[in-house]
Amino acid sequence: MADKRYDLVDGVYNERKFWLNFRRVIAYVCLTLMCLLCLFFFYIMFINATRSHYDIMKSGLSFLPGGSLVENFNAIINDGTIPLGRGLLNSLIVSVGTVLCSVYFSAMTAYGVHVYDFKGRKFVFNFILLVMTIHTQVTALGFVNLMNSWNLSNNFIPLIIPAIASPTVFFFMKQYMDSSLPIDIVEAARIDGANEFRTFNTIVMPILKPAMAVQGIFSFVASWNNYFTPNLLITKTELKTLPIMVYMWRCKDFASLNFGHVYMVISVSILPVMIVYFCLSKFIVGGVTLGAVKG
C-alpha cells in the first residue's frame, strides 16, 4: 500500500515537472522568435548601409552585405550641405547634458520628498505626477515664445536645462527609494555629522546606481531621438541635432536621393544608442524590477 502511494506521488511530481519544463521551453522559443524578429530589421538596415543605391533599387531585400560601406560612410561624412559629424557632436552634447541634469536633480528631488516629512509632501508628489501627464506638444508654443523672448533660440540651453524637472524620472526614483532606501541609513549619516549634500552624494547615490543607470539609458535615448523641440528652436545648420539631419537626408530631392547613404546615416545615428545600452544593460533588469515593485 505504501509503495502504491509512493508511486502515485512520484507520478504526479514527474508529470508536474514535465509540464513545467514544457512551458519553459515554449517560453524560450517564443522569446527567441520575438528577439530575432526585432533584430531582423536592424540587420537589414546595417546590410543596406553597406550596399550601393543601384544594388538596393535593383535587387531589393538582401541578407548579404555589399561592398559600398566605405564609400557610403565617406559620402555622408564629407557632404558639404549636411554636416553629419557636427550633428553627432550636437546630439551628444545635448543628450549627455540632459542625462546628467535629469538623473541627478530628479534623484535629489525624490530624495527630498522621500526623506523629509514636511507639510504638503503628498500634494507635491501628486502635483509632480499631474505634470507628468502633460505632453510636450501642449506647452510647445508657449515654451518657444518664451525662449525667443529670452534670445535663447539657436542655443542648446533650452534643450538641456528643462531636463532638471523630469517628472517621469522623479517618479521612478521615488518608487525605487521606497523599496531600497531605509530612512535609518540617512538618520545614521546625520548622527555621524554628515550634511545633506554629502549624505546624498556619498551614501544615497551608490544605492541608487541601478535606478540611475536605467533612467540614464531612457533619458539618453529620448533626448537622442528628440526631433520635435530641436526642430522648433534650432534654425542654424551647424547647431542642428542628428534627428533633424537624418530627416534632411531623407527629404532630399529624388534626383540626388541615395538610399545607401540614407541607410548609412540611420545606422550611424543608432550606433551611439546601442553602445550606451550595451554598457548599462546589466542594470536594467534589477533597476526596473526594484523601481516598479514597492517593498
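These lines cover the structure that appears in this document, whether it is placed above or below.

Rules used in this analysis
- Residues numbered from 1 in each chain as written.
- Predicted model: local features only at pLDDT ≥ 70, side-chain atom pairs only at ≥ 80, totals over all residues.
- Heavy atoms only, no water.
- Helix = DSSP H or I, 4+ residues; strand = E, 2+ residues; numbered from the N terminus.
- Buried < 20%, exposed > 50% of the residue type's maximum accessible area, 1.4 Å probe, protein only.
- Contact = heavy atoms within 4.5 Å.
- Areas by Shrake-Rupley, 256 points an atom, 1.4 Å probe, with all protein chains shown as cover.
- Disulfide = S-S within 2.5 Å.
- Salt bridge = Lys/Arg side-chain N within 4 Å of Asp/Glu carboxyl O.

Structural notes on the overall build of the protein chain
Helix and strand counts for the protein chain come out as 15 helices and zero strands. Residues classed as buried in the protein chain amount to 35% of the 295 residues present. Within the protein chain, counting contacts between residues at least 6 apart in sequence, those at least 24 apart form 75% of the total. Carbon together with sulfur atoms contributes 68% to the accessible area of the protein chain, which is approximately 18100 Å² in total.

Here we look at the state of the cysteines
Any covalent bond linking the sulfur atoms of two cysteines counts as a disulfide. Taken as a whole and judged by the stated rule, the model has zero disulfides. Left without a disulfide partner, C35 is nearest to the cysteine sulfur of C38, which lies 6.8 Å away. Since its relative accessible area comes to 41%, C35 is described here as partly exposed.

Regarding the pattern of salt bridges
By the definition in use, this model includes two salt bridges. The partner of D178 in a salt bridge is K174, and the shortest N-O contact between them spans 3.0 Å. In this pair, D178 and K174 are both assigned in helix 8 (residues 167–180), four residues apart and thus about one turn of the helix distant. Looking at K174, the relative accessible area reads 11%, which means it is buried. Here E196 makes a salt bridge to R190, at a shortest N to O gap of 2.9 Å. Note on R190: relative accessible area 33%, which makes it partly exposed.

Read these as geometric descriptors, not functional statements.
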